[in-house]
Amino acid sequence: MEQLETFEDDFARVARWIEAYLKHPERYRVLPAARPGEIAARLPDAPPEQGEPFEAIMRDFEDVIVPGITHWNHPRFFAYFATSSVPAAIAAEALAATLDVKVMLWRTSPAAAELESVVMRWLGRLLGVPESWTGIIYDTASIAGFTALAAARESLGLAIREEGMTGRALPVLRVYATEHTHSHIEKAAIALGIGHRNVVKVPCDAQYRMDPAALARAIDEDVAAGMRPLAIVATVGTTSTTAVDPVARIAEVARERGVWLHVDAAYAGVAAMLPEQRGLMDGVDAADSLVVNPHKWLFIPMDCSVLFLRDEATVRRAFSLVPEYLTTTDGDVRNYMDYGLQLGRRFRALKLWFVLRHLGVEQMRDRLREHIALAQRFARWVGAEDGWEICAPHPLSVVCFRLRPHGIDDESELERINAALLERVNATGEMFVSHTKIDGRYVLRLAIGNARTTEADVAAAWQILRREARG
Ligand code: PLP
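Remember, it's a predicted structure, so these values are computed and weren't measured experimentally.

Student: What's the story with the packing of aromatic side chains in this structure? I'm lost.
Tutor: The description of an aromatic ring pair rests on the distance of the ring centres and on the angle between the ring planes. For the coordinates displayed, the defined rule picks out 17 aromatic pairs. Between the aromatic rings of Tyr 80 and Phe 432, the centroid separation amounts to 5.7 Å while the plane-to-plane angle is 85 degrees, which identifies the pairing as edge-to-face. Here Tyr 80 is found in the loop between helix 3 (54-65) and helix 4 (87-99), whereas its partner Phe 432 is found in the loop between helix 14 (411-427) and strand 10 (434-438), with 352 residues between them in sequence. By relative accessible area, which is 44% here, Tyr 80 ends up partly exposed. Look at Phe 432 and you get buried, because its relative accessible area is 7%. Ring-pair connections join several aromatic residues into one group, and the members of that group are Trp 17, Tyr 21, Tyr 28 and Phe 61. Positioned above the aromatic ring of Trp 353, the side-chain terminus of Arg 357 is 4.9 Å from the ring centre. Over the ring of Phe 81 we find Arg 445; its NZ or CZ atom is 4.8 Å from the centre of that ring.

Quick look at the structure:
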């Protein structure tokens, strides 16, 4: 069973492939030309009875899989939130897979458990998270957000953990967000039995930021109607436009009314390591939970999302359930299985530790700063070009814009023009952008966040956009 005879050669081959790939990810189309079902049709219906040589598998990886990959590591990947994977993280992932520990109890890997708390302290300090808070790693911000809302629900004292939510009279529970809050909050409301209709969309100001006065009114009206506020979700860096909700003022509303405040800084939170962006964290110290995604803008591959908690015991109260076979005599240790739905957890702290050490904070800061500067430059080019417009403030590394030919004001016509442009641009394989809607307007959205993106890539993207717009 042990297949170590050829391992060194096989792994060396993989290492060579990775090196060549990361040196020139731009060799590939960003978005593959694959048609639905085409790749599956090239793969056998069943696994082989007898093992195949590693060489044969690698050949198929290169010939069948890679051409059908959307290359998130491509420097001209500008869609959604652009991300990237750096070599130190890839090496750490290989080591984590080798050790294959499950970070659930302290004793199921003391070093993994303790490294997680040390690296969380490092990250918290870099971002200005209060020293007394606890950081826990989850796979995604969606699960971290769900976990925070579950803790908020538990802290209501409605005995939902014990009695559930059915067959008895409970108040309607309400979550306060905005139309720009990421959709995982509504999914969490569905999963937690709150119902997505009870996610209240608080009005925003002209810059797509939550209006704290409107928030206060919405909560007070709900309470007067007999409902029970469960949590407020403020966003630092919304998905569509990277708007930053006024967390400090929202925190006052939350504190005055005793409502849990969750801050979703999945994308923008890491930028708080820049001294000039420290303001992103204003007011967060008065919140209850904060999510930041190193797998978005910190050069860490999927998956690694961090939930910082003012009081980790709230999450433990929501989730800890220890069957006999998982009891231990380890005493005062953190057993990470107590902080969420998952029992076995991947050793994600290792890649964060490798990358923080190997890149160093200065290099990370330089990259983040450069991404913000590149986005600002792109916005200037677009803003100065006749027939194009910038569609939202762009405080960080994402720019919303669109083609706006003279004399065309009809929104559905502008949507048709820009959606067609998006398809044409992405079909070139030379770059990948995505879109969103703001106030009902269809806009293109260019996100910069890949460690390998340079000014030449952004300039090329602008040329491609202009060329395809002319076409
Ligand atoms: N929160 C925000 C603001 C996001 O933009 C996203 C994804 O883009 C998420 C949460 C969800 O992130 P994840 O994929 O880690 O669940």
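The discussion continues.
Student: Where do I start with the environment of His 182 in this structure?
Tutor: Summarising the element assignment, His 182 is placed in the loop between strand 2 (173-177) and helix 8 (184-191). Taking the C-alpha atoms as reference, His 182 lies 6.3 Å from Thr 239; in sequence the two are 57 residues apart. Within the structure, the side chain of His 182 is placed 2.9 Å from the side chain of His 184, a separation counted as a polar contact.

Student: Would you take a moment to explain the sheet that holds strand 8 (residues 388-390) for this structure?
Tutor: The strands making up a sheet associate through backbone hydrogen bonding, with each pair oriented either parallel or antiparallel. In space, the four strands of this open sheet follow the order 8-9-11-10, with antiparallel pairing throughout. Two strands in the sheet have a free side with no partner beyond their single neighbour: strand 8 and strand 10. Across the sheet, the axes of successive neighbouring strands diverge by a mean angle of 40 degrees, strand direction being ignored. Where strand 10 and strand 11 (residues 441-447) come together, five bridges link them in antiparallel fashion.

Student: I'm lost on the pairing of strand 4 (residues 228-235) in this one. Help?
Tutor: Remember that side chains alternate between the two faces of the sheet whenever the strand is regular. Among the eight residues in strand 4, seven count as buried, and that is most of the element. Across five bridges, the pairing between strand 4 and strand 5 (residues 260-265) is parallel. Along strand 5, the bridge assignment pairs Ala 234 with Val 263. A crossover connection joins strand 4 to the parallel strand 5 through helix 10 (residues 247-257); in handedness this β-α-β unit is right-handed.

Student: Would you mind going over the sheet that holds strand 6 (residues 289-292) with me for this structure?
Tutor: Sheet architecture is open: seven strands sit in the order 1-7-6-5-4-2-3, paired in mixed fashion. At either end of the open sheet lies a strand with only one pairing partner, and these are strand 1 (134-138) and strand 3 (199-201). Sheet twist, expressed as the mean angle between neighbouring strand axes with direction ignored, is 25 degrees. Lying over the sheet, helix 9 (residues 212-224) contacts strand 2, strand 3 and strand 4, oriented at roughly 170 degrees with respect to strand 2.

Student: What's the story with the domain arrangement of the protein chain in this structure? I'm lost.
Tutor: In many reports, interface size means the accessible area that the parts give up when they come together. By the assigned domains, the protein chain splits into domain 1 (1-31 + 70-85 + 359-471) and domain 2 (102-346). Just the C-alpha atoms count here: the centres of domain 1 and domain 2 sit 29 Å apart. Counting residues at the interface gives 31 residues for domain 1 and 26 residues for domain 2. When the area that domain 1 buries against domain 2 is broken down by residue, the three leading residues are Phe 81, Leu 368 and Leu 396, summing to 28%. In this structure, the connection of domain 1 to domain 2 is made through one salt bridge. Where domain 1 touches domain 2, the interface holds nine residue pairs in polar contact (both at pLDDT 80 or more).

Student: Quick question: what am I supposed to make of the site of the ligand here?
Tutor: Looking at the ligand, there are 13 residues lining it, with Ala 141, Ser 142, Thr 239, Asp 264 and Asn 293 nearest. Between the ligand and Ala 141, the relevant distance is 2.8 Å, taken from an oxygen atom to a main-chain nitrogen or oxygen of the residue. Within the contact set of the ligand, an oxygen atom lies 2.5 Å away from a side-chain nitrogen or oxygen of Ser 142. Here the ligand, which alone exposes 400 Å², has 86% of that area covered by the protein. Among the secondary structure elements, those contributing two or more residues to the shell around the ligand are helix 6 (141-154) and helix 11 (294-297).

Student: For this particular structure, what's the right way to read the nonpolar core?
Tutor: Taken as a class, soluble globular proteins show a tendency for nonpolar side chains to be buried jointly. Grouped together as the largest cluster of nonpolar side chains are 108 residues, with contacts concentrated most on Leu 215, Leu 230, Ile 232, Leu 261, Leu 290 and Phe 347. Here this core spans two domains, and each of domain 1 (1-31 + 70-85 + 359-471) and domain 2 (102-346) adds at least three residues to it. Those residues within four positions of Ile 232 in sequence are excluded, and the remaining contacts are Tyr 176, Met 210, Leu 215, Ile 219, Ile 250, Ala 254, Val 259, Trp 260, Leu 261 and His 262. Residues Phe 78, Ile 417, Leu 421 and Leu 444 belong to the second largest nonpolar core, which totals 25 residues.

Cut-offs used in this document
- Residues numbered from 1 in each chain as written.
- Predicted model: local features only at pLDDT ≥ 70, side-chain atom pairs only at ≥ 80, totals over all residues.
- Heavy atoms only, no water.
- Phe/Tyr/Trp six-rings, centres within 6.5 Å; stacked < 30°, edge-to-face > 60°.
- Helix = DSSP H or I, 4+ residues; strand = E, 2+ residues; numbered from the N terminus.
- Buried < 20%, exposed > 50% of the residue type's maximum accessible area, 1.4 Å probe, protein only.
- Lys NZ or Arg CZ within 6 Å of the ring centre and 35° of its normal.
- Polar contact = N/O pair within 3.5 Å; in protein donor to acceptor, adjacent residues only side chain to side chain.
- Pairing = 2+ DSSP bridges.
- Axes fitted to C-alpha atoms, helices over the stretch in contact; angles between N-to-C directions.
- Right-handed = clockwise from strand over helix to strand, strands pointing away.
- Contact = heavy atoms within 4.5 Å.
- Domains from an automatic or database assignment.
- Buried area = accessible area lost by both parts, 1.4 Å probe.
- Salt bridge = Lys/Arg side-chain N within 4 Å of Asp/Glu carboxyl O.
- Near = heavy atom within 4 Å.
- Areas by Shrake-Rupley, 256 points an atom, 1.4 Å probe, with all protein chains shown as cover.
- Core = buried A, V, L, I, M, F, W, Y, C linked by side-chain atoms within 4.5 Å.

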